[in-house]
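So you can see what is in the structure, the chains are spelled out below.
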Amino acid sequence: MQAHGGGLILVNNTYYLHGENKLDGSAFQSINCYSSQNLVEWKYEGKTLSVGQGASDLATGRVVERPHVLWNEGTKKFVMWMHIDSSNYGEAKAGVATSDSVCGTYTYLGGAKPLGFESRDCNVFKDTDGTAYLLTEDRKNGLRIDKLSSDYTKVETMVYLFPELYTYEAAAMIKKGNTYFLFASDQSGWDPNDNIYTTATSLKGPWATWQNFAPKGTKTYSTQTGAVMQIGETVMYMGDRWVGSNLMRSTYVWLPLTLSGTTATLNNKVNWILDVANGGKQVDPPTETAYEAEASSNTISNGAKSASCSGCSGSKSIGYIGGSPNGKLSIPNVSSTVDTRTTIRIHYTNADKTQRYAVVSVNGEKYNVAFIPTPDDNTPGTAALTVPLKKGAVNTIEFEAYNGGWGPNIDRIMVPVS
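Below: a short report on this structure. None of these values were measured; they are calculated from a predicted model.

## What about the overall build of the protein?
A tally of helices and strands in the protein yields one helix and 33 strands. In terms of overall dimensions, the protein has C-alpha extents of about 65 × 45 × 40 Å along its principal axes. Partitioning the intrachain contacts of the protein with sequence separation of at least 6 by distance along the chain shows that 55% fall at a separation of at least 24. Counting every atom, the protein has about 17600 Å² of accessible surface; 48% of that belongs to carbon and sulfur. If the 36 positive side-chain charges of the protein are averaged to one point and the 39 negative ones to another, these points end up 1 Å apart.

Right under this line is the structure:
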């Protein structure tokens, strides 16, 4: 998905994700919208803002970042706030747009410096009484909480200023009971740092001393705060794992966030299950079985062959999948203890600067899968694919060409046992 730096909104039991398209670098391309009912399987709904959409702020080469959407009950409009800037980040404005539908085309209303102050990384927060706020990084003065107008399209007053100069950005807020939790990042460019949080019982303060919510030195598991969202009984941290040298390689890290009293705690997980249909309960994930791509039981054909990969399990991968020969890899006897729909993880490498594609077939059902670049052909990345599996060791998973192009090198697949 290309939806970086954004956030979720729930509408009629469906979650919508708005975010930045970084497919061709940092300059504005579009704000994309995706939908999901389970936060695992996502559908691309379309572009909500695009280059040249009737405003100079949205022109080629501009910066449009951090889109976040609110629903306004009074106007029956969806309201999007975002960071608007020149290519050198010299303007530092906040922009606003509205739409009648959550993933429709938004009408851009304009951009300005809120109350005359700089605004870069921004977010929004809607309180339990319906009042909405803009969280905005004013680099000359500090992180601000600004109250929005009743239609959410204008900034009315400043509520609080955190006067730490040149410091905090990428703010996100959630309220639990009577306590507000505000999360933010230090400023370190595209590189991660130990993100922090503070709490208060009033947006006007006093606010507690900032502190880490992930273990010190983990750099928030190599992420930057993007959003914090209540999903039923679970609070979910949404972080961006930026890759500044090639932004389309940036990925997402979503983890359960524990809020207890005035303490926030984030622990890392390889994978976890959020049962959206059952009130947002957390469920322990099943164990996984690894199937090596180079195993002798597999069928490797049409020019596909083993390649050296120092970071891969077994120090090997299967490359030359696809291309004009249509190299193929077939992994048989994949097992599940039940008939189920589950998410498999594909470990792969792709040393190109752009994503490669492959057709992945599961028991004959075909999926077109994008594999974003990895650092090199010795450092595997992971792609996830949700598929139906049959009970027993009777499943076959195959990789082949998509439109005649080369696919990734495959290290192994990880398959839940149940």
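## Observations concerning the nonpolar core
Core analysis: the biggest nonpolar cluster contains 32 residues, and L8, F183, I231, M236 and L257 have the highest contact counts within it. The set of elements that each furnish at least two residues to this core consists of β2 (14-20), β13 (169-176), β14 (179-185), β17 (224-231), β18 (234-241), β19 (251-260) and β20 (263-266). With five residues, β19 is the largest single contributor of residues to this core. Ignoring any residue separated from it by four or fewer positions in sequence, one finds L257 in contact with F183, F213, V228, V235, Y237, T265 and L266. If you look at the next biggest cluster of nonpolar residues, it comprises 27 residues, including A304, I318, A358 and V369.

## With respect to the pattern of salt bridges
Applying the stated criterion to the full structure yields 21 salt bridges. A salt bridge links K154 to D151; the nearest nitrogen and oxygen atoms lie 3.4 Å apart. Exposure remark for D151: the relative accessible area of 22% places this residue in the partly exposed category.

## Regarding the state of the cysteines
In total, this model carries two disulfides according to the counting rule given. Note that C33 is cross-linked by a disulfide to C103, the S-S spacing being 1.7 Å. Judged by the sign of its S-S torsion, about -40°, the bond between C33 and C103 is left-handed. Of the two residues, C33 sits in strand β3 (residues 30-36) while C103 sits in the loop between β7 (93-99) and β8 (107-112), which places them 70 residues apart along the sequence. Disulfide partner of C309: C312, at an S-S distance of 2.0 Å. Where C309 bonds to C312 through sulfur, the torsion about that S-S bond is close to 70°, and the disulfide is right-handed. Judged on exposure class, the residue C309 and its partner C312 are both buried. Counting only the cysteines that form disulfides, in the order they appear in the protein, gives the pairing 1-2, 3-4. Free of any disulfide, C122 has its nearest neighbouring cysteine sulfur in C33, separated by 17 Å.

Definitions and cut-offs
Residues numbered from 1 in each chain as written. Predicted model: local features only at pLDDT ≥ 70, side-chain atom pairs only at ≥ 80, totals over all residues. Heavy atoms only, no water. Helix = DSSP H or I, 4+ residues; strand = E, 2+ residues; numbered from the N terminus. Contact = heavy atoms within 4.5 Å. Areas by Shrake-Rupley, 256 points an atom, 1.4 Å probe, with all protein chains shown as cover. Lys, Arg positive; Asp, Glu negative; His and termini not counted. Charge placed at Lys NZ, Arg CZ, Asp CG, Glu CD. Core = buried A, V, L, I, M, F, W, Y, C linked by side-chain atoms within 4.5 Å. Buried < 20%, exposed > 50% of the residue type's maximum accessible area, 1.4 Å probe, protein only. Salt bridge = Lys/Arg side-chain N within 4 Å of Asp/Glu carboxyl O. Disulfide = S-S within 2.5 Å.

In short, geometric facts, not functional conclusions.
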